[in-house]
Amino acid sequence: MKDKLAIFGGQAQRETYLPYGRQSISKEDEEAVLNIMRGDYLTTGPTIERFEEAVASCVGTDYAVAFSSGTAALHGAAFAAGIQAEDEVIVTPMSFAASANCILYCGGKAVFSDICKETMNLDIDKIEEKINHKTKMIIPVAFAGQTLDMDKLMTLANKHNLTVLLDGAHALGSKYKGEPVGRKADMTMFSFHPVKPITTAEGGVIVTNNYELYQKMKLFCSHGITRDRELMTDDHGPWYYEQILLGYNYRLTDLQAALGISQIKRLDEFILKRRAIVSYYNKAFKNLDTLQPLLEKEYSESGYHIYVIQLQLDKLNGNRKEIFQALQAENIGVNVHYLPIYLLPYYRELGYEKGLCPISEEVYKSIITLPLYPDMNMDDAKDVVSAVKKVLSYYEKNDE
Ligand SMILES: *Cc1c(COP(=O)(O)O)cnc(C)c1O
């Protein structure tokens, strides 16, 4: 009775649970961290700068600033952009809360703008109607690794004199028009949380070509304190430092930076593996009309942080929750990316209402994220495909 769904007492597709994402740690990664533990600096030593240089050179920007998390990095970037009370920032609702929280940290107002269904990225054509004299910045997300049309977005932003902070948490190693993502926006954030393209356990970075923004973020992530004689107003001697703005302790450690340096060497290999699994999934799902994978635009070569399918609910008898639970019962680690941010209770309290971004809300009802990570093997991928086909064929409408 292989075809009976596990959720109804049938045999599960797999014996062991396959997570939706997972870090890949090699012997070299372990050695890199151990070396730091045996050395002089556990934090704020020379390894941080080496990691920042490795990220900047991987992306092709002048500067990179390491932070203790991607969320801290977004906060630093919003601060550097000068966001403060009364300022408005346009942001996608189809993201993790941190994309919008960074606006609120600075006292600004998050203005949510709707997405394109096929890519789940901000719809550039809908942004302009949200712009007014209070608007200071736009925060798009490179959803799953694919950016929106950055040239078109930057033209719009420049026309209105707006800063663009790309939330590239999913996108280290992804490409836009053949070049690494992270070169076009004023600032781009990459996250190093364990499920992201590379990991430092927790960690994030902002890359930029703008020296002024770079300098502000450097100060911000370490209390706003400087020892740079050129920035100081006084000098009592070699011990002396000054705090010149209100910063935080958002520093990455040398332990983490060493892991990051080791991981970034493996990025190309990680992305090849992710793309190989994605092309296998795409082929396997091509003839199913009960689901639709994300569309990859011609300008994009995504690193595929996640693989999201949209259920074609009009062709199914079950809803997303039933299908999600059925896949879980088959031991397939599924997830949902994302609930529109403004529907979270904290945002609802602030006065955001249902119906604000109808496409995001509609898409939310249909999405499921399937397992995808570099150390998955082809048998794992086959299990995912078989489980999806098994579950969807059970729920498929047969009314013709
Ligand atoms: C993971 C993630 C973040 C936050 O990064 P952390 O490093 O976990 O703080 C922000 N935005 C998006 C889109 C993310 O996926």
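One can find the structure itself at the top, above this paragraph.
Computed from a predicted structure; not experimentally measured.

Caption draft 1: Structural detail: the overall build of the chain. For the chain, the count of helices and strands is 13 helices and 15 strands. Its C-alpha atoms give the chain a radius of gyration of 22 Å, within 12% of the compact-globule value 21 Å for 400 residues. Within the chain, the proportion of its 400 residues that are buried is 55%. Pairs at least 24 residues apart make up 72% of the contacts formed inside the chain by residues separated by at least 6 positions. Put simply, the chain shows about 18,200 Å² of open surface, and 49% of that area lies on carbon and sulfur atoms. Here the chain carries 43 positive and 53 negative side-chain charges, and the mean point of each set is 4 Å from the other.

Caption draft 2: Fine view of the site of the ligand. Around the ligand there are 16 residues in total, and G70, T71, D167, S191 and K196 lie nearest to it. One of the side-chain N or O atoms of D167 is found 2.7 Å from a nitrogen atom in the ligand. Take Y338: an N or O atom from its side chain is 3.2 Å from an oxygen atom of the ligand. For the shell around the ligand, the secondary-structure elements that each account for two or more residues are α3 (70–80), α4 (98–105) and β8 (187–191).

Caption draft 3: Fine view of the sheet that holds strand β4 (residues 135–139). With mixed pairing, the 7 strands of this open sheet are ordered in space as β1-β9-β8-β5-β4-β2-β3. Among the strands making up the open sheet, the edge pair consists of β1 (63–67) and β3 (109–112). Looking at each pair of strands side by side, their axes are set apart by 25 degrees on average, direction ignored. Bridge count for β8 against strand β9 (residues 204–208) is 5 bridges, and the pairing is antiparallel.

Caption draft 4: The arrangement of the side chain of S95 in detail. Structurally, S95 is set in the loop between β2 (88–91) and α4. The class for S95 is buried, based on a relative accessible area of 5%. Leaving out residues up to four positions away in the same chain, S95 has contacts with V141, D167, Y338, L339 and I341.

Caption draft 5: Structural view of the pattern of salt bridges. One pass over the structure, following the stated rule, counts 16 salt bridges. Salt-bridge contacts for R275 lead to E296; the nearest nitrogen and oxygen are separated by 3.0 Å. You can see R275 sitting in helix α9 (residues 267–285) and its partner E296 sitting in the loop between β12 (291–293) and β13 (300–301), a full 21 residues away along the chain. With a relative accessible area of 28%, R275 lands in the partly exposed category. Connected through salt bridges with shared partners, the residues R14, D380 and D383 form a single ionic network.

Caption draft 6: View of helix α6 (residues 150–159). Inspection of α6 places M150, L153, M154, L156 and A157 among the buried residues, and these make up the whole buried set. Projected down its long axis, α6 shows its buried positions confined to an angular sector of 160 degrees, all on one face. Away from the buried face of α6 by more than 90 degrees, exposed residues T155, N158 and K159 are located. In the core, the buried residues of α6 are packed alongside α5 (124–127), β4, β5 (163–167) and β6 (175–176). A distance of 3.3 Å separates the backbone nitrogen of D151 from a side-chain oxygen at the start of α6, and that oxygen is part of D149. In the segment just after α6, N161 is the residue with positive phi, at about 60 degrees.

Caption draft 7: Structural context of the sheet that holds β12. Here 3 strands make up an open sheet; going across it, the order is β12-β14-β15 and the pairing antiparallel. In this open sheet, the two edge strands, each paired with only one partner strand, are β12 and β15 (367–370). Each strand axis lies, on average, 35 degrees off the axis of its neighbour in the sheet, ignoring direction. Bridging between strand β14 (residues 307–311) and β15 involves 4 bridges; their strand directions are antiparallel. Opposite Q310, over in β15, you have I367 as the bridge partner. On the sheet, helix α10 (residues 320–329) packs against β14 and β15 and is oriented at approximately 15 degrees with respect to β15.

Caption draft 8: Representation of the packing of α10 against helix α13 (residues 378–395) within the structure. At a closest axis distance of 10 Å, the pairing of α10 and α13 adopts a crossing angle of 140 degrees. Considering the angle they form, α10 stands oblique to α13. Handedness of the crossing formed by α10 with α13: right-handed. Residue-level contacts link E322, I323, A326 and L327 of α10 to A387, V388, V391, L392 and Y395 of α13. For the contact of α10 with α13, the per-class residue count stands at 8 nonpolar, no polar and 1 charged.

Caption draft 9: Region of the structure containing the environment of K4. Within the element layout of this structure, K4 appears in the segment before α1 (27–37). By relative accessible area, K4 is classed as partly exposed at 38%. Sequence separation between K4 and V391 is 387 residues; the distance between their C-alpha atoms is 9.1 Å. Ignoring sequence-local partners within four residues, the contact set of K4 consists of G10, Q11 and K390.

Cut-offs and rules
- Residues take numbers from 1 onward in each chain, read along the sequence in its written order.
- It should be noted that, the model being predicted, local features are given only for residues of pLDDT at least 70 and side-chain atom pairs only at 80 or more, the latter also being counted only at that level, while totals for whole chains, interfaces and linings use all residues.
- Side-chain numbers come from the whole structure's heavy atoms, not from hydrogens or water.
- In this description a helix means any DSSP run of H or I spanning at least four residues, a strand means any run of E spanning at least two, and both kinds are numbered starting from the N terminus.
- Based on C-alpha atoms, the radius of gyration is set beside the globule rule, defined as 2.2 Å times the residue count to the power 0.38.
- The classification of residues rests on relative accessible area computed with a 1.4 Å probe and restricted to protein chains. Under 20% of the type maximum is buried, over 50% is exposed, and intermediate values are partly exposed.
- Here, residues are in contact when the closest pair of their heavy atoms is within 4.5 Å.
- Each accessible area is a Shrake-Rupley result for a 1.4 Å probe, and residues are judged covered by the shown protein chains and nothing else.
- In this tally Asp and Glu are treated as negative and Lys and Arg as positive; neither His nor the chain ends contributes.
- Each charge is placed at NZ for Lys, CZ for Arg, CG for Asp and CD for Glu.
- Any residue with a heavy atom lying within 4 Å of a molecule or strand is counted as near it.
- Any pair of N or O atoms that falls within 3.5 Å is considered a polar contact. Within protein, one atom must be able to donate a hydrogen and the other to accept it, and sequence-neighbouring residues count only if both atoms are side-chain atoms.
- Strand pairing is assigned whenever DSSP detects at least two bridges linking the two strands.
- Under this scheme, a helix contributes an axis fitted over its contacting stretch, all axes are lines through C-alpha atoms, and angles between N-to-C directions fall in the 0 to 180 degree range.
- Counted as salt bridges are all cases of a side-chain nitrogen of Lys or Arg within 4 Å of a carboxyl oxygen of Asp or Glu.
- The directions from the helix axis to the C-beta atoms form the arc being described.
- In what follows, roughly perpendicular refers to angles from 65 to 115 degrees, roughly parallel to angles under 35, roughly antiparallel to angles over 145, and oblique to any angle outside these ranges.
- Crossings are sorted by hand: turned counterclockwise from the far helix by less than a right angle, the near helix makes the crossing left-handed, and turned clockwise it makes it right-handed.
- In this classification, Asp, Glu, Lys and Arg are treated as charged, Ala, Val, Leu, Ile, Met, Phe, Trp, Tyr, Cys and Pro as nonpolar, and every other residue, Gly included, as polar.

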